[in-house]
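Descriptive structure summary
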Amino acid sequence: MATLTQPFANEQVFTSGPKRDFRQEVTDNIVEMLEKGTAPWQKPWEPTAGAFGMPVNPTTEKVYRGGNAIHLMATGLRKGYDDPRWMTYKQAAENGWQVRKGEKGTQIEFWEIRQQPTNSSAQRAGEDESTSRTKSSEERRLIHRVYTVFNAKQVDGIPAREPKQHSTFEAAQAGEQILLNSGAKIAHDQADRAFYSRREDAIHLPPKESFKGQAAYYGTALHELAHWSGHPSRLNRQTLTDSYRFGDTNYAKEELRAELASIFLAAERGIPHDPQQHAAYVGSWINSLREDKNEIFRAAHDASAAADFLLRLERDRSVAEQTLQVPSPKDEAGVGQISVGELNQEASNLVRDREDLDETKTRDGVEVDASTPGSAKDSSR
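These lines cover the structure that appears in this document, whether it is placed above or below. (Residues numbered from 1 in each chain as written. Predicted model: local features only at pLDDT ≥ 70, side-chain atom pairs only at ≥ 80, totals over all residues. Heavy atoms only, no water.)

**Focus on the overall build of the protein**
Helix and strand content of the protein: 12 helices and 11 strands. Taking as baseline every contact in the protein between residues at least 6 positions apart, the subset at least 24 positions apart corresponds to 75%. As displayed, the protein has an accessible area near 19,600 Å², and 48% of this comes from carbon and sulfur atoms. (Helix = DSSP H or I, 4+ residues; strand = E, 2+ residues; numbered from the N terminus. Contact = heavy atoms within 4.5 Å. Areas by Shrake-Rupley, 256 points an atom, 1.4 Å probe, with all protein chains shown as cover.)

**Brief notes about the nonpolar core**
If you look at the biggest cluster of nonpolar residues, it comprises 62 residues, and the most contacted ones within it are Leu34, Trp41, Ile70, Leu225, Trp228 and Leu260. Elements represented by at least two residues in this core include exactly helix H1 (22–36), helix H2 (66–79), helix H6 (168–182), helix H7 (214–229), helix H9 (249–269), helix H10 (282–291) and helix H11 (295–323). Ranked by residues supplied to this core, first place goes to H11 with 11 residues. With nine residues, the next largest nonpolar core counts Ala92, Phe150, Ala152 and Ile158 among its residues. (Core = buried A, V, L, I, M, F, W, Y, C linked by side-chain atoms within 4.5 Å. Buried < 20%, exposed > 50% of the residue type's maximum accessible area, 1.4 Å probe, protein only.)

**Some details on the packing of H1 against H10**
The interhelical angle for the contact between H1 and H10, taken along N-to-C directions, is 160 degrees, at an axis separation of 10 Å. As summarised for this structure, H1 and H10 are arranged roughly antiparallel, according to the angle between their axes. The element H1 and its partner H10 pack so that their crossing is left-handed. Along the contact surface, H1 presents Thr27, Ile30, Val31, Leu34 and Glu35, while H10 presents Val282, Trp285, Ile286, Leu289 and Arg290. Looking at side-chain class alone, the contact of H1 with H10 contains seven nonpolar, one polar and two charged residues. (Axes fitted to C-alpha atoms, helices over the stretch in contact; angles between N-to-C directions. Parallel < 35°, antiparallel > 145°, perpendicular 65-115°, else oblique. Left-handed = near helix turned anticlockwise from the far one by under 90°. Nonpolar A, V, L, I, M, F, W, Y, C, P; charged D, E, K, R; others polar.)

**Some words on the packing of aromatic side chains**
Evaluation of the coordinates by the stated rule reveals 10 aromatic pairs. Ring geometry for tryptophan 41 and tryptophan 285: centres 6.3 Å apart, planes at 75 degrees, overall edge-to-face. Placement of the pair is tryptophan 41 in the loop between H1 and strand E1 (56–57) and tryptophan 285 in helix H10, with a sequence separation of 244 residues. Tryptophan 285 matches tryptophan 41 in its accessibility class, with the two residues each being buried. Geometrically, the ring pair formed by tyrosine 251 and tyrosine 281 is tilted, given 6.0 Å between the ring centres and 40 degrees between the ring planes. Here tyrosine 251, found in helix H9, pairs with tyrosine 281, found in the loop between H9 and H10; they are 30 residues apart in sequence, far enough to count as distant. Feature note: the residues Trp41, Tyr251, Tyr281 and Trp285 constitute an aromatic cluster, connected by ring pairs. (Phe/Tyr/Trp six-rings, centres within 6.5 Å; stacked < 30°, edge-to-face > 60°.)

**What about a nonpolar patch on the surface?**
Taken together, the side chains of Trp111, Ile113 and Leu142 make up a nonpolar region of the molecular surface, amounting to roughly 340 Å² of accessible area. Take leucine 142: it is sitting in strand E6 (residues 140–151). Overall, leucine 142 belongs to the exposed group, its relative accessible area being 53%. (Patch = residues over 30% accessible without salt bridge, like charges linked within 9 Å, V, L, I, M, F, W, Y side chains within 5 Å. Salt bridge = Lys/Arg side-chain N within 4 Å of Asp/Glu carboxyl O.)

**Things to note about the sheet that holds E6**
Judged by pairing direction, the sheet is antiparallel, and its three strands sit side by side in the order E3-E6-E5 without closing on themselves. With one partner strand each, in any of the chains shown, strand E3 (86–87) and strand E5 (106–115) form the two edges of the open sheet. Looking at chain direction, E3 and E6 are connected through two bridges and run antiparallel. The residue bridging methionine 87 from the neighbouring strand is phenylalanine 150, located in E6. Each of E5 and E6 touches H1; the most contacted strand, E5, lies at about 140 degrees to it. Taken strand by strand, H2 contacts E3, E5 and E6, and its axis lies near 170 degrees from that of E5. (Pairing = 2+ DSSP bridges.)

**Here's the deal with H6**
Given a rise of 1.5 Å per residue, 15 residues ought to cover 21 Å, and the 22 Å separating the end C-alpha atoms of H6 matches this to within 8%. Those residues of H6 not exposed but buried are Ala171, Ala172, Ala174, Gly175, Ile178, Leu179, Asn181 and Ser182. (Expected span 1.5 Å × (residues − 1).)

**Concerning the environment of alanine 266**
Along the chain, alanine 266 falls in helix H9. Between the C-alpha atom of alanine 266 and that of tryptophan 45, which follows or precedes it by 221 residues, the distance is 9.8 Å. Those residues in contact with alanine 266, other than ones at most four positions away along the chain, are Trp45 and Ile271.

**Here we look at H7**
In this model, H7 (16 residues) spans 22 Å end to end at C-alpha, consistent with the 22 Å of a helix rising 1.5 Å per residue. Counting buried positions along H7 yields 15 of 16 residues, so the element is predominantly enclosed.

**What to know about the pattern of salt bridges**
A full pass over the atoms with the stated rule returns 23 salt bridges. A salt bridge links arginine 85 to aspartate 83; the shortest N-O distance between them is 2.8 Å. Of the two residues, arginine 85 and aspartate 83, neither departs from the other in class, the shared state being buried. Of the charged contacts, one joins glutamate 112 and arginine 145 as a salt bridge, the two residues approaching to 3.4 Å between their closest N and O atoms. Taken together, the residues glutamate 112 in strand E5 and arginine 145 in strand E6 connect sequence positions 33 residues apart. The exposure class assigned to glutamate 112 is partly exposed, which follows from its relative accessible area of 25%.

**A short note on the side chain of aspartate 83**
Along the chain, the position of aspartate 83 falls in the loop between H2 and E3. Since its relative accessible area comes to 8%, aspartate 83 is described here as buried. One polar contact links aspartate 83 to arginine 85, side chain to side chain, over a distance of 2.8 Å. Setting aside residues up to four positions removed in sequence, aspartate 83 forms contacts with Asn151, Ala152, Lys153 and Arg161. (Polar contact = N/O pair within 3.5 Å; in protein donor to acceptor, adjacent residues only side chain to side chain.)

This is the structure in structure tokens:
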């Protein structure tokens, strides 16, 4: 097996040996944790513990995203690290910190878009603009790199982490703010099930008091809100817009994306998490991941996009509320005030320019049910 021979650079260098399949290794680890009931989105937590959070690089203050985030969360959970900070050997050394001798790093991946050298003579010879754009896109190529990072618990000299402690009230308030500022239609009109109806473009939940606690309520509500984000008028997520039934591949894929997005939201805002509401999907997730080593990375990518979308709505509409009563400069009397509808539209427009989301066809009439297996309904039939 290949071994790491140069820990002093950002990028890992391997000796000769069979080439490692990074994505397969990550997928195998996630599947094993799912089978044991210990994957990151299967473990409950309370915000007052202060130990859980999105993996972050302490030297750049950037949060890890997508598949890297899930991989680092899973690794930290498996190894008992209660610190979400991860960095390369070089980054630690540049800050005067030292990775302890004998510590084994964790691999993450990075995709770099590199522009190939272009020949401009064809354009000077009269090449039309559309052909030029097509060739330009073809001249870009993705460079895949694998880096080794270490958890703060493996590093000497790094300052102690001071996690923000979230009170029960703050955690509940954070959850309510995300739900409210999304603008989603939410009705507490169900007896014992929760689902997102794409036909109505609305979320249906049982009354709050019917949940055993805040973790159960917000875990379910944010899960359904993640489904809501995939509507054709928002992120237009293929796993939601394609027609499916419970047990189908697309159903499992969309449920995984919604669950990961709810995890990212909860970790970002210190909201309690209880995975019991969605335990019925574990088997289908395992099957989906086993069939395709890239699926966990695609799912985590889509989940990050959904979480970003919802958090952006939360931030933008919170700012909008503060300026709602400010008169327009053209009308000191207040006649030119900005309307709520205009502010909502502006907030939505700010988050629709995600270039990394595929264009997909849309179909109407599916309810995504997060509590009752087999209850997905195609109301167009």
